[in-house]
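# Fold and contact review
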Amino acid sequence: MTGDATAMDLLHAPLDELLAAAGSVRDGAFATRITFSPKVFIPLTMLCNDRCGYCTFAQPPARLTSPYLSPDEVLAVARHGAAAGCHEALFTLGERPELRYPSARGWLDDNGYASTVDYLVAMCQLVLDETGLLPHANAGALHRDELAQLRPVSASQGMMVESLRADLDCHRGSPDKEPARRLATLEAAGELAIPFTTGILVGIGEDRQDRLDALTAIAASHRRHGHVQEVIVQNFLPKPGTAMHTSPPCPTDEYLWTVAAARLVLPADVHLQAPPNLSEDFGRLLDAGIDDWGGVSPVTPDHVNPERPWPELDRLREVTEARGFALAPRLTAHPEFVMAPERWLDPAMRFPVLDRSDAEGLGRDHAWAPGADVHAPALLPSAPAARGALREVLDGVLAGQEVGIDEIVTLFGARGPEVAAVAEVADQLRASIVGDEVTWVSNRNINYTNVCTFKCKFCAFSKGPMSENLRGKPYLLTLENVQERVIEAVGMGATEVCLQGGIHPSFDGDYYIDVAKAVKEVAPDIHIHGFTALEVTEGAKRLGEPLADYLRRLMAVGLKTLPGTAAEILDDDIRAILCPDKVNTEEWLHAHRTAHSVGLRSNVTIMFGSVERPVHWARHMVRTRDLQKETGGFTEFVPLPFVHMEAPIYHQRRSRGGPTFREALLMHAVGRIAYRGTIDNIQVSWVKMGVEGVRQALQAGANDMGGTLINENISRAAGAAHGQHMTEEDFAAVVEPLGRPLAQRTTLYGRARHGTTVNG
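Residues numbered from 1 in each chain as written. Predicted model: local features only at pLDDT ≥ 70, side-chain atom pairs only at ≥ 80, totals over all residues. Heavy atoms only, no water.

When helices and strands are tallied, the protein shows 29 helices and 21 strands. A compact globule built from 760 residues would reach a C-alpha radius of gyration of about 27 Å, and the protein, at 29 Å, matches this within 12%. Projected onto its principal axes, the C-alpha coordinates of the protein cover approximately 95 × 60 × 45 Å. Within the span of the protein, comprising 760 residues, buried residues form 60% of the whole. Within the protein, counting contacts between residues at least 6 apart in sequence, those at least 24 apart form 77% of the total. Carbon and sulfur atoms provide 52% of the accessible area of the protein, an area that totals close to 27500 Å². For the protein, the distance from the average position of its 72 positive side-chain charges to the average position of its 97 negative side-chain charges is 2 Å. (Helix = DSSP H or I, 4+ residues; strand = E, 2+ residues; numbered from the N terminus. Rg over C-alpha atoms; globule rule 2.2 N^0.38 Å. Buried < 20%, exposed > 50% of the residue type's maximum accessible area, 1.4 Å probe, protein only. Contact = heavy atoms within 4.5 Å. Areas by Shrake-Rupley, 256 points an atom, 1.4 Å probe, with all protein chains shown as cover. Lys, Arg positive; Asp, Glu negative; His and termini not counted. Charge placed at Lys NZ, Arg CZ, Asp CG, Glu CD.)

Shown next, in the form of structure tokens:
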């Protein structure tokens, strides 16, 4: 049985066969990922124009202290949810109560609102502005102009079709449940390109064919417009105080049949949801083909089913993982819609959604951000588990296979115990390639100027010649200033100085020659690690000199290695956004290819977590791996998580807030796997990852903690809060709980001790 099964096939198929077919379709579309939306419920009004026979949400005015929640009450609930880590504000409300209740009409008039929808729009905007939560408007059967009115203030909207059977007793006296009205709303949402949630209610008097008819209509609308992001299949449970309180609950097998049938009728790209709080054994819903648990709130009850509490998130995760799946938080708009904002999101909603999303368009799963003074979540050590495509990739790695772009993207999709599985493989490779030793280098950063003619959108360090901001004035060190810093560094035991800065408009290529000479004049034995691909390319260009010749001149005055910075993401589509006037991908690769050809070594960096996606990370790794196979000149891979706090592109509302910790941890693990056999050393940045983050990265394939970085300025300018200097004692404190030896190294991974160097 396939997703093309006919109604006759579905109606008469054995349940076990149907469940297996539905699970297969789900696995093919969504692999092992099961999502949920951490949300807060805001019951804007419990008055309703309809009289549904199963509903306890709708209440008469006499039972309510006010027809509507006040703005202060709305904000209080939203702030509670935001503090608990929610992403979504679900506005639940009755349909058009002002048509039925004079008290509702009077409240709206007294407060200056034309309708319930008008007030809903205002409250969505308030919550968005004050808390950053993404509103999802579930206002029922709306007209096209009302849907359009909500689009700029909501990331998604929804309305349950429930059933297309027109003669159901439970819908008598409910004008908004007329099937044609529900379908018209669904169509209008598609025409307006609104990410839309809909669904059916099972066990309210309809039969199997009625359910198939409703699902078929939903599928047809989605095929026309592509807008149905998820379909909820909800089971009826009788409730005291309703007209259907004596009706039997939806039988479990009938419910499972419907869930599985929905998975087979709907297009494979439509997410299928079933509420976990309405089933005693909700794990069986996974067997029926769902890939989403819907909204689960850590702070508010299910106001539609208040007698059925949400499962604790730990319990939800436990049940999900017990069946071999990984749980992932999402936004109110599903990833496919988040990743195509120009089509699916109003311009006013694009940054609020981007700000809460990770690189795959799912929800950020922790408050951690690179450089922030927030403890990293403990992802390691934990019990590893993986199946499906991820397991196949990891097994291939253990068998010696090289990962390509598709496999790298699969690895970056790891969630939950899958992250530990990737880390475990990476750590095995680390142990076999470089052993247990954790290394560090004693160095000093010297950023000789923060004035730059280039306009990189991510850089908070560089200044225009006349600019000033809260992170300092433009400056240019003299050669004497540089020498003073070098002498201080040598006195502190440094074996390396790292030289890089802005591209000052007054520089010609000889400036870098002069700086290197000045360093060597006061510290003949110091290792000069300096000048990015941009700096040497620009220096050679300003002198009209071949790059190879220019690099040889730099080597003659003491340059030993080049840093891999200025790489950012080696994909020109991304560079066009981040650094359009900088060296492009091929120019960066050419600079390092040329450096290697004349005898200079360098490293590979990647700055990740701003606007790019995992496929761009994968391309970056494969391109630099190919160059390493050609030249062998790279010494290490250095992931640099994007620090967003003061970055211009973030303040322009055009980037994410850096990678999540899961993504940052995986970057080190996947880097170890991708560069196996080509680049032996994987470095973790303590400035950006923090102590807890470094310790976990060392359990996920990393073997080097980088430098002491006396006077690190670039990350600090971007908002990093992890300090400007690490000592040997600090490094030892990081490594000690891991039980691994610590060793001071040189720039080229020889061993050093107290200023004495071996092998460079």
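Moving on, we come to the packing of aromatic side chains. Scanning the entire structure with this criterion turns up 23 aromatic pairs. Their ring planes at 50 degrees and their centres at 6.5 Å tell us that Tyr-448 and Phe-531 sit as a pair that is tilted. Of this pair, Tyr-448 sits in the loop between β11 (443-446) and α18 (479-491) while Phe-531 sits in the loop between β13 (527-530) and α20 (533-543), and the two are 83 residues apart along the sequence. Taking relative accessible area as the criterion, Tyr-448 reaches 0% and is therefore assigned buried. What makes Phe-531 buried here is its relative accessible area of 0%. A ring pair is formed by Tyr-511 and Tyr-512, whose centres lie 5.7 Å apart and whose planes are at 80 degrees; its orientation type is edge-to-face. (Phe/Tyr/Trp six-rings, centres within 6.5 Å; stacked < 30°, edge-to-face > 60°.)

Quick look at unusual backbone geometry now. Here the bond from Leu-380 into Pro-381 is cis, since omega is -10 degrees, no more than 30 degrees from zero. Looking at where Pro-381 falls in the secondary structure, it is placed in the loop between α14 (347-356) and α15 (388-398). One non-glycine residue, Glu-162, adopts positive backbone phi at about 70 degrees. Relative to the helices and strands, Glu-162 resides in the loop between β4 (156-158) and α7 (179-191). Glu-162 gets classed as buried once you look at its relative accessible area, which sits at 11%. Although it is not a glycine, Glu-568 adopts a positive phi angle of roughly 50 degrees. Summarising the element assignment, Glu-568 is placed in the loop between β14 (559-562) and α22 (572-578).

Let's shift gears to the confidence of the model for the protein. Detailed reading of the predicted model is not advised wherever pLDDT is low. For the protein, the mean per-residue pLDDT works out to 93, and 94% of the residues sit at or above 70. Note that residues 712-720 has pLDDT below 50 and, in this model, 35 contacts with residues that lie over four places away or in other chains. (pLDDT = per-residue confidence, 0-100.)

If you walk through the whole model with that rule in mind, you get 48 salt bridges. Across the pair Asp-358 and Arg-662 runs a salt bridge, and its minimum N-O distance is 3.8 Å. Of the two residues, Asp-358 is situated in the loop between α14 and α15 and Arg-662 in helix α26 (residues 661-674); the sequence distance between them amounts to 304 residues. Take Asp-358: its relative accessible area is 1%, and that puts it in the buried class. A salt bridge links Glu-630 to Arg-593; its shortest N-O distance comes to 2.8 Å. Here Glu-630 is found in helix α24 (residues 614-631), whereas its partner Arg-593 is found in helix α23 (residues 585-597), with 37 residues between them in sequence. (Salt bridge = Lys/Arg side-chain N within 4 Å of Asp/Glu carboxyl O.)

One finds Val-422 and Ile-673 to be the most contacted residues of the largest nonpolar core, which totals 119 residues. A total of 9 residues in this core trace back to one element, the largest contributor, which is α26. What Val-422 contacts, discounting residues up to four positions off in sequence, is Leu-390, Leu-394, Leu-411, Ala-414, Leu-666, Ala-669, Val-670 and Ile-673. Judged by nonpolar contacts, the second largest core, of 87 residues, contains Phe-41, Val-127, Leu-147 and Leu-215. (Core = buried A, V, L, I, M, F, W, Y, C linked by side-chain atoms within 4.5 Å.)

Right, let's talk about the pairing of strand β8 (residues 292-296) for a bit. Burial of β8 is extensive: 5 of the 5 residues sit out of reach of the surface. Relative to β8, strand β1 (residues 33-45) runs parallel, the two sharing 3 bridges. Looking at the pairing, Ser-37 lines up with Gly-295 of β8. (Pairing = 2+ DSSP bridges.)

This part is about the layout of surface pockets. Space inside the second largest pocket adds up to approximately 990 Å³. Pro-329, Arg-364, Asp-365, His-366 and Ala-367 are, among the 39 residues lining the second largest pocket, the residues nearest its centre. When residues in the lining of the second largest pocket are grouped by element, the largest group, 4 residues, is from α14. In terms of residue class, the lining of the second largest pocket is built from 21 nonpolar, 8 polar and 10 charged. (1 Å grid on protein atoms, 1.4 Å probe; cavity = no way out; pocket = protein on both sides within 12 Å on 5 of 7 lines; lining within 4 Å. Points joined across faces, edges and corners; volume = space filled by probe spheres on them. Nonpolar A, V, L, I, M, F, W, Y, C, P; charged D, E, K, R; others polar.)

For the rest of this paragraph, the subject is the state of the cysteines. For the structure on display, the rule yields 0 disulfides. Of the cysteine sulfurs around Cys-55, a residue in no disulfide, the closest is that of Cys-52, at 6.2 Å. (Disulfide = S-S within 2.5 Å.)

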